[in-house]
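Summary of structural features
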Amino acid sequence: MKKPKWVIEKEQARRASAAETVWLFGHHAVRDALMNPDRTRVRLVVTRNAADKLAEAIAASGMEAEVADPRNFPVPLDPGSVHQGAALEVKALDWGSITECCMAGSGGRPVVVALDRVTDPHNVGAILRSAEVFGARAVIAPARHSAPETGALAKTASGALERQPYLRVRNLASALEELRNMGYVLLGLAGEADLDLAEGLAAHDGRPVALVLGAEGPGLREKTRETCDMLVRIPAAGNFGSLNVSNAAAVSLYAAQMRPD
Ligand SMILES: C[S@@+](CC[C@H](N)C(=O)[O-])C[C@H]1O[C@@H](n2cnc3c(N)ncnc32)[C@H](O)[C@@H]1O
């Protein structure tokens with residue numbers, strides 16, 4: 001049967017975006033992407049100095065490195081970024097589905113981070129880094145209102161982008177429902193909540209937990225708040241209780257790994 005025009009266009013858009021490449025830069029991000037067998041790599045540009053430092057990773061990748069003059073580095077950088085003499089053009093990683101990444105299994109309490117319209121690549125990079133450190137299953141964000149994989153994000157993630165599943169989904173509310181159906185309790189992080197994070201975690205001890213965090217200005221949207229099972233706060237000593245979202249993620253990821261006495 002002939003496919004309708006809108007289906008063909010949608011497929012073309014998906015194929016085009018799958019073929020898009022980004023430049024990763026900085027030693028950690030480039031080294032870890034060179035060592036990742038799942039990464040599709042296109043082009044590697046390094047200074048002589050960086051080529052020496054990354055020699056092992058370059059050899060492991062089997063890539064041909066183009067050696068460039070640091071003063072005339074031929075790679076488009078994100079504004080305000082520095083390349084540290086190493087840049088690698090890559091395709092985005094395909095992490096598979098929420099079910100594949102977030103399925104409960106052995107090895108402690110499963111924890112997932114969900115981000116409600118957090119678009120700052122530095123915040124998302126830092127969250128990916130913390131998520132990897134604390135063993136989260138995945139970081140989930142809505143595809144249209146989140147930070148895409150960029151050099152700035154990868155540099156802040158400091159290699160975690162290669163190991164920590166970053167799932168950009170079509171609809172965050174549906175993704176949260178999917179997690180709930182998989183047995184996750186949905187804890188929305190909100191500074192003004194009545195309940196403490198520790199109490200929220202203890203109330204569902206042992207259950208997989210999704211920590212849902214909001215963006216810097218607006219915080220959690222109303223719809224997201226309603227989808228969560230409960231709202232919890234990280235208690236603060238002073239009157240000004242609002243943490244940067246990546247710090248709130250790190251604190252709550254740490255707390256989720258703790259077992260109550
Ligand atoms: C800078 S805050 C957003 C502040 C926003 N004006 C609000 O009213 O929620 C960014 C996100 O970090 C998390 N967060 C920051 N401080 C928190 C705290 N003390 N307790 C719980 N979550 C916090 C929340 O998820 C929040 O949406």
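Residues numbered from 1 in each chain as written. Predicted model: local features only at pLDDT ≥ 70, side-chain atom pairs only at ≥ 80, totals over all residues. Heavy atoms only, no water.

1. Re the sheet that holds strand β1 (residues 21–25)
Heads up, the rule is: At least two DSSP bridges between two strands are required for those strands to pair. A run of H or I in DSSP counts as a helix once it spans at least four residues, and a run of E counts as a strand once it spans at least two, with each numbered from the N terminus. A fitted line through C-alpha atoms represents every axis, and for helices the fit uses only the stretch in contact; the resulting angles, taken between N-to-C directions, go from 0 to 180 degrees. Whether two residues are in contact is decided by their heavy atoms, any of which lying within 4.5 Å being enough.
Taking strand neighbours across the sheet as the criterion, the four strands line up as β1-β4-β2-β3 in an open arrangement whose pairing is mixed. Two strands bound the open sheet, and with one partner strand each, they are β1 and β3 (65–67). On average, adjacent strands in this sheet sit at an angle of 20 degrees to one another, irrespective of strand direction. For strand β2 (residues 41–46) and strand β4 (residues 86–91), the ladder comprises five bridges, and the chain directions are antiparallel. The residue of β4 that forms the bridge with V46 is A86. Of the strands in this sheet, β1, β2 and β4 touch helix α2 (residues 27–35), which is tilted by about 45 degrees from β4.

2. A word on the pairing of strand β10 (residues 209–214)
Condition: Partly exposed residues are those whose accessible area sits between 20% and 50% of the maximum for their type, while under 20% is buried and over 50% is exposed, using a 1.4 Å probe and protein chains only.
Buried residues dominate β10, accounting for six of its six residues. What you see with β10 is no split at all: V209, L211 and L213 on one side and A210, V212 and G214 on the other are buried throughout. Direction of pairing for strand β5 (residues 111–116) relative to β10: parallel, over a ladder of six bridges. Bridged to L115 within β10 is L213. By the bridge criterion, four bridges tie strand β8 (residues 185–189) to β10 in an arrangement that is parallel. Counted as the bridge partner of V185 is V209 from β10.

3. Overview of the state of the cysteines
Just so we agree on the cut-off: Only a pair of cysteine sulfur atoms within 2.5 Å qualifies as a disulfide here.
Throughout the structure, instances matching the rule amount to zero disulfides. In this model C228 remains outside any disulfide bridge; the closest cysteine sulfur is found in C102, 15 Å from its own. Note on C228: relative accessible area 9%, which makes it buried.

4. Some words on the packing of helix α6 (residues 121–133) against helix α11 (residues 245–257)
Just so we agree on the cut-off: Note on angle classes: values under 35 degrees are labelled roughly parallel, values over 145 roughly antiparallel, values of 65 to 115 roughly perpendicular, and the remainder oblique. Three classes are used: nonpolar for Ala, Val, Leu, Ile, Met, Phe, Trp, Tyr, Cys and Pro, charged for Asp, Glu, Lys and Arg, and polar for all others, with Gly counted as polar.
At a closest axis distance of 8 Å, the pairing of α6 and α11 adopts a crossing angle of 10 degrees. Relative to α11, the element α6 is oriented roughly parallel. For the pair formed by α6 and α11, the contact residues are N123, A126, I127, S130 and A131 on the first element and V245, S246, A249, A250 and L253 on the second. Looking at the contact of α6 with α11 residue by residue, the classes come out as seven nonpolar, three polar and no charged.

5. Brief notes about the layout of surface pockets
Stated formally: Buriedness for pockets is judged along seven lines, at least five of which must meet protein on both sides within 12 Å for an open set on the 1 Å grid over protein atoms alone, while cavities are sets there where a 1.4 Å probe fits but cannot get out, and lining residues have an atom within 4 Å of a point. Grid points are joined across faces, edges and corners, and a volume is the space filled by probe spheres set on the points.
Approximately 370 Å³ is the volume attributed to the second largest pocket. Lining the second largest pocket are 21 residues, and of these L189, A190, G191, S242 and L243 sit closest to its centre. Of all elements in the fold, only β10, β11 (230–233) and α11 reach the threshold of two or more residues within the lining of the second largest pocket. Grouping the amino acids of the lining of the second largest pocket by side-chain chemistry returns 11 nonpolar, six polar and four charged.

6. Here's the deal with the pattern of salt bridges
So the rule is basically this: For salt bridges, the criterion is a side-chain nitrogen of Lys or Arg within 4 Å of an Asp or Glu carboxyl oxygen.
Counted according to the given criterion, the structure contains 12 salt bridges. We note a salt bridge from D32 to R163, for which the minimum N-O separation is 3.0 Å. One end of the pair, D32, is in helix α2; the other, R163, is in the loop between α7 (151–157) and β7 (166–169), with 131 residues separating them in the sequence. According to the relative accessible area criterion, R163 is partly exposed, its value standing at 42%. For E132, the salt bridge goes to R163, with nearest N and O atoms at 2.6 Å. With E132 in helix α6 and R163 in the loop between α7 and β7, this residue pair connects regions lying 31 residues apart in the sequence. Look at E132 and you get partly exposed, because its relative accessible area is 27%. When salt bridges with common partners are traced through the structure, they connect R31, D32, E132 and R163 into a single cluster.

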